[in-house]
Amino acid sequence: MHPRTEDLLSVRDGEPVDAEVRAAIKGDAAHSREVERLGETRHALQELPELAAPDGIWARIEAVERETRPRGHSWRLRAAGVGVAAAVAVAAVLLVGIPSRPRNGFEQPREVAPGLQTTVIDSTTGSPTLFDPLVSGQVTAASYPALVQESARLDRMLRRLSYQRPMMSGETATTIAGLEDRIALIDEQLTYSNARGVPQPERTALWGERVELMNALVHVRYAQAQPTGF
Amino acid sequence: MRNRIKTIGVTALLLGFASASALAQGTGDKQQQQKQQAQQQAQKEAADAAREEQSVERDLERARRDLEQAAREVARLSSEAAQPFVRGARNFRYFGQRAMLGFVTEDVERGVRVASVTPNGPAAEAGLKVGDTITEIEGAHLADTRTTGGGKQSPTELLLAQMANIDPGEPVKLRVLNEAGAERDVTVKTRSMSANVWITPPTPPNPPGAYNFTFRGPGNYWVFGSNPWADIQLVALTPGLGTYFGTSKGLLVVRAPENAALQLKDGDVILDIGGREPSSPEHAIRILGSFQKGEPLKIAIMRNKAKQTLDVKLPSDSPG
């Protein structure tokens, strides 16, 4: 029995499927993986923001395209440039917003300027959570799951970007290796903190740090994936 | 009279031909001129477009550099902020002795849930994802029995206890339950932490378990100092591309580093560095970062479809 794509999609969507077909899919690792992949694709598509095209957009696109047509492929570079510039802007915001962790996990928290605070959007409620790891009173219980969710979202984004294997300079590779190693260290700390019963404010700070580093890594990977020449 | 008329007629005919010819000549010249002008205009536009593309490319490259600088700054500030939990003189290098799996755990009833996956880590390479639950490691159950079965350790503690017996590089067999409820066996090839990560044990009077983690980055040059590998351009070889180079795997050197001491040339394929096979440019940099200044290093390459080994002595401004 060789299940069709429709069968796999039906299993993915929880729709009724012939028992024999279902058993064949369940018993085959490749089919199960494919169902999982289809589920992930759907999840990724569901995560895309809903956008409606403004009125008259096609006429404007046509006009812009007509104007820029003789200029060859520079629009692609422009698009890539805009992408990278946006990434730079976000990185700059990151840089300003990077949370500082207590120098010692057992020290008393100290006040920080509001500019050092980071806002994390809670993906379940859509509401922003002010994250300030230094002021324990402000670290609400809600910020911990929000950070964990944000970290998971960035993990998924990175996995999609990592499928691409573009040419890379030694400098970029150094930056990526550095960020990855730093994240690996944070992950080890988080697992140890979990096992050793480290208080939640300390673990929240670690999650905040992970989110910042993952954000930086996603932006570098994204910029790296943009084309430079044609 | 008839002759005069004939002469006038012939003259008029000749004049007519001449003027028509002149007119045609004039139109041809004008068309030629217009064609030349159009060509010049097209050449000018092409030159303008090329200049603009170069300018955009430069801007793009500059933006990338700025982004990378910002990203490094994020990591540098992060590592500065993460000061040791514990300060003590009895530091020892823990790397090389402890295997890592590369994910963050969260205790759940059936075992350890994967809360995040370390980018490019062992678990990521084995296909583990956020939301998977590890129910067994090497046949040992990880279910939380502290409230029901009288167990004393949390699932994460059980996992770490098992990992204490594993050497870096050893494979570990996990039983994994995904979010859809399907179970599968996954083998993860463990790895040691980066050579530049130090973990130190707790020191009294600090609380037990307050391990100290510090980080230097992949080589000294990653934030400060010159990087002799910065200008190298690498791409992972695909089997199709590899047919042109005589190997199915390795890293293609698209542009060799300017530093002649490194001996690499455009078109070389790096097969292994110090006996380790780099799987990606960042992996290559990580391997290179584990060597000390001035240390001899063997790089196996394919050059002109022939395998050879370069004996490289790392320059003094190299990683380490």
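Residues numbered from 1 in each chain as written. Chains lettered and ligands numbered in written order. Predicted model: local features only at pLDDT ≥ 70, side-chain atom pairs only at ≥ 80, totals over all residues. Heavy atoms only, no water.

Draft legend 1. Focus on the overall build of chain A. When helices and strands are tallied, chain A shows 8 helices and 3 strands. Across the 230 residues in chain A, those meeting the buried criterion constitute 44%. Residue pairs at least 24 apart in sequence account for 63% of intrachain contacts in chain A once pairs closer than 6 positions are excluded. (Helix = DSSP H or I, 4+ residues; strand = E, 2+ residues; numbered from the N terminus. Buried < 20%, exposed > 50% of the residue type's maximum accessible area, 1.4 Å probe, protein only. Contact = heavy atoms within 4.5 Å.)

Draft legend 2. Representation of the sheet that holds strand β12 (residues 251-255) of chain B. Spatially, the 6 strands line up as an open sheet ordered β3(A)-β11(B)-β12(B)-β13(B)-β14(B)-β15(B), and their pairing is antiparallel. What marks the edges here is a single partner per strand, and that holds for β3 (168-169) of chain A together with β15 (306-313) of chain B. Of the strands in this sheet, β3 of chain A together with β11 (233-236), β12, β13 (269-273) and β14 (296-303) of chain B are in contact with helix α5 (residues 281-288) of chain B, which crosses β13(B) at around 40°. (Pairing = 2+ DSSP bridges. Axes fitted to C-alpha atoms, helices over the stretch in contact; angles between N-to-C directions.)

Draft legend 3. Broad picture of the side chain of Thr190(B). All names here are of chain B. Within the secondary structure, Thr 190 is located in the loop between β7 (183-189) and β8 (191-192). A polar side-chain atom of Thr 190 sits 3.0 Å from the main-chain amide nitrogen of Gly 169. Not counting the four nearest positions on each side in its chain, Thr 190 is found in contact with Ala 99, Met 100, Leu 101, Pro 122, Met 163, Ile 166, Asp 167, Pro 168, Gly 169, Glu 170 and Val 172. (Polar contact = N/O pair within 3.5 Å; in protein donor to acceptor, adjacent residues only side chain to side chain.)

Draft legend 4. Highlighting helix α1 (residues 5-12) of chain A. Of the positions making up α1(A), those classed as buried are Asp7(A), Leu8(A) and Ser10(A). Projection of α1(A) onto a plane perpendicular to its axis shows the buried side chains occupying an angular sector of 160°, all on one side. (Arc of directions from axis to C-beta.)

Draft legend 5. Structural context of the packing of helix α6 (residues 143-161) of chain A against helix α8 (residues 200-225) of chain A. Residues and elements named next belong to chain A. At their nearest, the axes of α6 and α8 sit 9 Å apart, and the two run at 25° to each other. In this view, α6 runs roughly parallel relative to α8, as classed from their interaxial angle. The element α6 and its partner α8 pack so that their crossing is left-handed. When its residues are assigned to classes, the contact of α6 with α8 shows 13 nonpolar, 6 polar and 5 charged. (Parallel < 35°, antiparallel > 145°, perpendicular 65-115°, else oblique. Left-handed = near helix turned anticlockwise from the far one by under 90°. Nonpolar A, V, L, I, M, F, W, Y, C, P; charged D, E, K, R; others polar.)

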